[in-house]
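For reference, the chains in residue letters:
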Amino acid sequence: MSVNALKLRGSNVGGKISSYVRGALSVKTLEGIVSLVAFVALWQAAVSLRIPYISNLPFPGQVWNSLGEAAGTSGYWLSWVASLKRILISFIIAQVVGVPLGLFMGMSKPFRQLIFPVFEIVRPIPPIAWIPLAILFWPTEELSIYALTFIGPFFVIVLNVMQGVASIDQSFKRAALSLGAKPSDIFWKIMLPGALPSILTGMTVGIGVAWNVLIAAEMIAGRNGLGRMTWEAYTNGNIPLIIVGMISIGVAGYLCSSLVRLIGENCMPWQRRF
Amino acid sequence: MAEIAPLLRASDGGAGQDPLLCVAGVSKSFREGDEHQACLDNCSFDIARGELSIIIGPSGCGKTTLINLIAGYELPDSGSITLDGAPVSAPSFDRLVVFQETTLFPWMTVYANVVFGCKVKGVPQQEMQEKAKHILSKVGLYEFRDKYPSQLSGGMQRRTELARALINDPKLMILDEPFRGLDAMTKELMQEFYLTLFEETGLTTLFVTHELEEAIFMADNLVLLTHKPARVKEILKIDLPRPRHFSMMASKKYFDLHGYAMGLLVEEAKRAFEDGNAIAFDAVSSLE
Ligand SMILES: Nc1ncnc2c1ncn2[C@@H]1O[C@H](COP(=O)(O)OP(=O)(O)O)[C@@H](O)[C@H]1O
Ligand SMILES: [Mg+2]
């Protein structure tokens, strides 16, 4: 996925710039490798030197072996599929519901005044605090996980879009009206693109929140998924596998954030750095 | 100074028999806290067809407010504005404004910005493309049609904005301090550019500025506004020949007009300064 992503980016910029980007990327990659190697070396040293508490950790090599074993089982990959599927579906529903709601709240003052007070009360509740209610409320555990993973990014997105719409300069609307724009033109050609940067900020923050909630929900209510896999490793006392689970969750979250960022760059060509 | 006897608004407002735009007794005030601050006070003037009229007055006197009313963005408290006899009540592409601050849509390319009006009005594709090509070539931006506004210089942005308006064939082109904020060189080029365009097309133009040299050099009519609340102080006819040329700024007629108008403006700038308007003070010190 990430390889394709990089290719896509490369193909979008002209020759000179593309070689510059590649140069910058390779420097970045190099820095990344150095920092990773240093981290693993420190870890190895800390465990070998029997530094209190840290020495309870397995050696990096043990984790590596455990990862190798896990990667050979279909269970490991099914955990990936289960978690990604939940994130994808919940996150898309959160966008599909949240973006229009945010747009209308931003554009219509009466509508905003009607909805916003409820938002202000409900929003500060951490998504994880919804877990007990969600489990009781929804008929299956699977549905409660979807609902929880939906709630997390939902508020972030609505609020971002709402503020994004409200911050669109009035003069754009006036100019468009003068040029003969109808209300539908104002919505599709002014409000929506004007709010796009905020929509994408909401998505970027929202995807992070979605992973947070998903993992917690999977640990408590899930039958499978990366969160569940990590939790089961804990109940079985398999420390290397716990760490494999953590690393997998980190990588999955990173891939999703990169995808969102990539979508953002391709939706808003006017915001590219030239 | 008999030859520049001010053409004070009499029966015809200084604009002949069949003016394009009539501003009659327009007043506007804004609420500031509990009290109403008068901004425009009984302003009346006409704009003749095919002429370039310039509104000039101290900073903060209400010029942009007046333009917002003519554009139909806001409504006057009293008085009326009519274009071709029809009351102005909403924005329309028969009067288009280019403001000092760019209102180009940042998310659209130069081309998409320019054809926006055609698109929303449903002009056929073929016709739209031809018009766009013609107008973009005219403002010298055809090569830049796929750039985004943020990739253009200030002068290019202004020209794109002009093109976006001109493609709609407005009856009245309004420019509110359009070249303010550009560097001196670009500004001069833009003035010359618009002047040539006006002299070629005869597009009725309402131009707002606070710079007298620019005003006299370009205008057929000069509407002088007083300090806040703005009233029409005087309307001057600038009968320098066209096409205008920079050398005319050395003529006796220009000199006389300039001296006369300057006297009126300094009076107003001083009043503005007494009211504590620092920008107006800069204006006074640069005039004297
Ligand atoms: N929407 C508004 N609400 C309150 N006051 C305003 C508003 N618009 C303009 N004003 C006031 O009206 C005066 C004239 O402003 P403006 O028309 O922008 O002046 P100019 O364009 O001549 O510099 C200013 O003192 C300004 O503070
Ligand atoms: Mg102004």
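Residues numbered from 1 in each chain as written. Chains lettered and ligands numbered in written order. Predicted model: local features only at pLDDT ≥ 70, side-chain atom pairs only at ≥ 80, totals over all residues. Heavy atoms only, no water.

(A) Expanded view of the overall build of chain B. Scanning chain B from terminus to terminus reveals nine helices and 10 strands. Taking 19 Å as the expected radius of gyration for a compact globule of 288 residues, we find that chain B reaches 19 Å, a close match to that expectation. For the C-alpha atoms alone, the extent of chain B along its principal axes is close to 55 × 50 × 40 Å. Among the 288 residues that make up chain B, the fraction classed as buried is 52%. For chain B, long-range pairs separated by at least 24 residues make up 70% of all intrachain contacts whose partners lie at least 6 apart in sequence. Once the 29 positive and 40 negative side-chain charges of chain B are each reduced to a mean point, those two points are 5 Å apart. (Helix = DSSP H or I, 4+ residues; strand = E, 2+ residues; numbered from the N terminus. Rg over C-alpha atoms; globule rule 2.2 N^0.38 Å. Buried < 20%, exposed > 50% of the residue type's maximum accessible area, 1.4 Å probe, protein only. Contact = heavy atoms within 4.5 Å. Lys, Arg positive; Asp, Glu negative; His and termini not counted. Charge placed at Lys NZ, Arg CZ, Asp CG, Glu CD.)

(B) Inspection of the domain arrangement of chain A at higher detail. The domains assigned to chain A are domain 1 (3-48) and domain 2 (58-271). Each of domain 1 of chain A and domain 2 of chain A has a C-alpha centre, and the two are 26 Å apart. (Domains from an automatic or database assignment.)

(C) Main features of the state of the cysteines. Residue and element names in this part refer to chain B. Evaluated as defined, the whole model comprises zero disulfides over all chains. No disulfide involves Cys22; its sulfur sits 14 Å from the nearest other cysteine sulfur, which is in Cys43. Of the cysteine sulfurs around Cys39, a residue in no disulfide, the closest is that of Cys61, at 7.9 Å. (Disulfide = S-S within 2.5 Å.)

(D) Spotlight on the interface of chain B and chain A. Facing the 22 residues of chain B at the interface are 19 residues of chain A. Taken together, the links from chain B to chain A amount to one salt bridge. Arg174 of chain A is paired through a salt bridge with Glu74 of chain B; the nearest N and O atoms lie 3.3 Å apart. The interface formed by chain B and chain A contains six residue pairs in polar contact (both at pLDDT 80 or more). Ranked by residue count, the leading element in the side of chain B that touches chain A is helix α3 (residues 116-121) of chain B, at four residues. (Salt bridge = Lys/Arg side-chain N within 4 Å of Asp/Glu carboxyl O. Polar contact = N/O pair within 3.5 Å; in protein donor to acceptor, adjacent residues only side chain to side chain.)

(E) View of the site of ligand 1. Residues and elements named next belong to chain B. Around ligand 1, the neighbouring residues are Phe30, Cys39, Ser59, Gly60, Cys61, Gly62, Lys63, Thr64, Thr65 and Lys228. At 2.7 Å from an oxygen atom of ligand 1 is found a main-chain nitrogen or oxygen belonging to Gly60. Protein coverage of the free-state accessible area of ligand 1, which is 560 Å², stands at 63%. No other element matches helix α1 (residues 63-71), which puts three residues into the shell around ligand 1. Its residues placed into classes, the shell around ligand 1 shows three nonpolar, five polar and two charged. (Near = heavy atom within 4 Å. Areas by Shrake-Rupley, 256 points an atom, 1.4 Å probe, with all protein chains shown as cover. Nonpolar A, V, L, I, M, F, W, Y, C, P; charged D, E, K, R; others polar.)

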